[in-house]
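Geometric and topological summary
Residue-level listing of the chains:
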Amino acid sequence: MAKDEALTDAPALAVLELLAQESPPGHFQELLQRGRRQNLPPRQLAELERATQLAMGIHASANQRRQREAVMAALVDTVHDMTAPYDPDTLLKVITSRARRLLGFDMAYISLRKSEGGSYIHSSDGDTTALNVGLVVQESHGLGEMAQDKGAPFWTSDYLNDDRIPHREEVDEVVRAEGLHAIMAVPIFQGSAPTGALYGADRVVRHFTPDEISVMRSLADFASVALEKARLLDRTRTEIAELESEGFRARGSIARMAYLNEVQSRLIAQVLDGGDLQDIVRTAADALGATLAVGDPQGQILASTGSDAQGEDFEEAEVFKEALTGRAALEARAAGSPSALSENLWATPVAAGAEDLGVVLLKAAQPPAPEAERFFGFVGQIVALLLVIQRSTAVAAGPVRDELFDDLLAAPLRAPRQLTHRAWQSGIDPDGSYVVVLARPEGGEHGKAVVWASSYAYRHSGLKTVQGGCIVLLLPGSDASAAARAVSDELSPLLGRPVTVGASGPAEGLAAVAKVYQESLRCLDALIALDGVGSAAAMSDLGFLGLLLSNDHDVDGFVSSAIGPVLDHDARRTTALVPTIEAYFTSGNSPTRAAEELHVHPNTVARRLDRITELLGPGWQKPARALEVQLALRLLRARDVLRRQRESDPQAGIPGK
């Protein structure tokens, strides 16, 4: 049946055909207009109008249903997107993007509340300027704040011209820049508390439909759940990362503890095997990755992993010395456990029962970890054990070693081969170089000094005895002056009173010990005679007195020490500095008269005297040095006279001739 015939005979049937074909609304209007042009009877025209009206309603309902189905499908997709394991920041960007696409907004964005009040725009989609993201909205201003305060959606068809909204210029400026008119804000909740708002905006003036508002509320609800899930997931990830990090640290700590336990066993073995204090300190310092020093109760450093005063760590050694003599070290001993002295310096006591044996210092860039701190405390205990063992060993071996030393001091030596064998048994090298040091405590009981001497000799691989109220030490080495100062620096603070120390040497081999001992006695007597009680010196420190008191009368050594640099200068450059010195002293220290005697200009003598001062030092004209210089010149001249005599009379040097 043709359409015109259907329209004439059954107008409603024609409308149903269009409806069955899902024709667009314009076709229905077209059919109605055609019926009116054909002048249908009033009954048929009314029937056509009614059928068209019903068809348009059915068509609209079908379209609305399809739109809802599409929206629901899009919501499902959005929810699916939100269930992905996003971090909170990424999820907020996903929500703004989905909201804009779902409802066809020109722009969508999210604001989050600040803890101190107000909110800020976190993320945005569809914006055309860089003004929106980061914008701070003051409290009680803007749609988002109103929606959060009321706990319900709030919208406007034309934001800038809506007087219901509390405006702020910075917000209005962004709205103008983006060209926005219709804006809707829906609160986002966390539990019952609002945490932000979801916005949808168009760049035209229009009213939002209930369906759009409903969908936005659903999106905001989904966003609330998803954000909470994302925060929980993010917190869980953080906690897992912290647990993994803690597990890594725990594994590292366990490995470190195992290593330190192994080092503890090694330290105990070193002590039982007779290791010395320096080895113990070095092993402990390597394990801790720091610098260690052991000090006695008097503040003297017994062992250290740093260099001495000639090394590159002199400043570090000074830090240790200052700490040992400071109040902080006393507080560390009183604490009975490792304690911090400063930002990078720690101390642990060395004690045997109630007896204070000293302190161990640790210098490191970072504070020690708990396991390292426990190990550091153990180092103090192992050092105390070693010191007690050394003292006990020294006391036990004392009588035998004292007897050996007494026999070495006897002249001539009795049974040299037997003494050599006994020396080897006591750990003394019969052919080594040794210095002899005599220490006389001034007043009081000497018992404490004798006990100290036994330990000191043992620690330095030497011998000790007591002769005539003096402690006598035989120590390996060749610098008698340094040995005397070291003994004085350690013994005087221990006794709390002066100690006079004299020394001599070196003795090359044990056979020369008795002779060097006698020189040490004369050195000690000279110190006492010269009002040097409480001082420390070696024979070489006494100048010409040492030359007179010495057995070998080392004239060459004395002359070299007094004017050696001048002699060397004259020999290298054929100058006349030595005659200038002689003329200067002969003329009563007058450069002018010395110039007359030498037949040179006074300026020449002045220049020579300046050069002599550079070579001998600024104090060579002071009485004590001047006396030594003049004595050296006289010895030099006398030796030259004797040499010339021998050269002129070859028989003069033969005994009996």
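Presented here is an overview of the structure given in this document. (Residues numbered from 1 in each chain as written. Predicted model: local features only at pLDDT ≥ 70, side-chain atom pairs only at ≥ 80, totals over all residues. Heavy atoms only, no water.)

1. Structural notes on the environment of Glu145
- By the element assignment, Glu145 lies in helix 6 (residues 142-150).
- Glu145 sits 40 residues away from Ala185 along the chain, and the two C-alpha atoms are 8.9 Å apart.
- Each residue touching Glu145, except ones within four places of it in the same chain, is listed here: Arg113, Gly118, Ser119, Val137, Gln138, Glu139, Ser140 and Tyr199.
- Within the local environment of Glu145, its side chain forms a polar contact with the side chain of Ser119, the two groups lying 3.2 Å apart. (Helix = DSSP H or I, 4+ residues; strand = E, 2+ residues; numbered from the N terminus. Contact = heavy atoms within 4.5 Å. Polar contact = N/O pair within 3.5 Å; in protein donor to acceptor, adjacent residues only side chain to side chain.)

2. Some thoughts on the packing of aromatic side chains
- Using the criterion set out here, one finds seven aromatic pairs in the structure.
- Ring centres of Phe105 and Phe208 lie 6.0 Å apart, and the angle between their planes is 75°; this geometry places the pair in the edge-to-face category. Of the two residues, Phe105 is situated in the loop between helix 5 (88-103) and strand 1 (107-113) and Phe208 in the loop between strand 6 (193-202) and helix 8 (210-272); the sequence distance between them amounts to 103 residues.
- An aromatic cluster is built from Tyr584, Phe585 and Trp620, whose rings are joined through pairwise contacts. (Phe/Tyr/Trp six-rings, centres within 6.5 Å; stacked < 30°, edge-to-face > 60°.)

3. Describing the environment of Gly564
- Secondary-structure assignment places Gly564 in helix 18 (residues 555-573).
- Taking relative accessible area as the criterion, Gly564 reaches 6% and is therefore assigned buried.
- Remark: the alpha-carbon pair of Gly564 and Leu615, spanning 51 residues in sequence, is separated by 9.0 Å. (Buried < 20%, exposed > 50% of the residue type's maximum accessible area, 1.4 Å probe, protein only.)

4. Re the pattern of salt bridges
- Tallying each qualifying case throughout the model produces 15 salt bridges.
- Between Asp162 and Arg164 there is a salt bridge, with its nearest N and O atoms 2.7 Å apart.
- Between Glu169 and Arg176 there is a salt bridge whose closest N-O contact spans 3.2 Å.
- When its relative accessible area of 49% is taken as the criterion, Glu169 is described as partly exposed.
- Salt bridges linked by common partners bring Asp202, Arg206 and Glu212 together as one network. (Salt bridge = Lys/Arg side-chain N within 4 Å of Asp/Glu carboxyl O.)

5. Re the pairing of strand 14 (residues 470-476)
- Of all the seven residues making up strand 14, six are buried; the element is thus mostly covered by neighbouring parts of the structure.
- Looking at chain direction, strand 12 (residues 433-441) and strand 14 are connected through six bridges and run antiparallel. Considered in strand 14, the bridge of Leu438 is made with Val472.
- The sheet contact formed by strand 13 (residues 463-467) and strand 14 spans five bridges and is antiparallel. Bridging across to strand 14, Val466 finds its partner in Ile471.
- Joining the antiparallel neighbours strand 13 and strand 14 is a turn of two residues, in which Gly468 adopts a positive phi near 55°. (Pairing = 2+ DSSP bridges.)

6. Quick word on the packing of helix 20 (residues 591-598) against helix 21 (residues 602-616)
- Across the interface, helix 20 lies against helix 21 with an axial gap of 8 Å and an inter-helix angle of 110°. Between helix 20 and helix 21, the angle is such that the two are roughly perpendicular. The chirality of how helix 20 crosses helix 21 is right-handed. Across from Pro591, Ala594, Ala595 and Leu598 in helix 20, the residues of helix 21 making contact are Pro602, Val605, Arg608 and Leu609. (Axes fitted to C-alpha atoms, helices over the stretch in contact; angles between N-to-C directions. Parallel < 35°, antiparallel > 145°, perpendicular 65-115°, else oblique. Left-handed = near helix turned anticlockwise from the far one by under 90°.)

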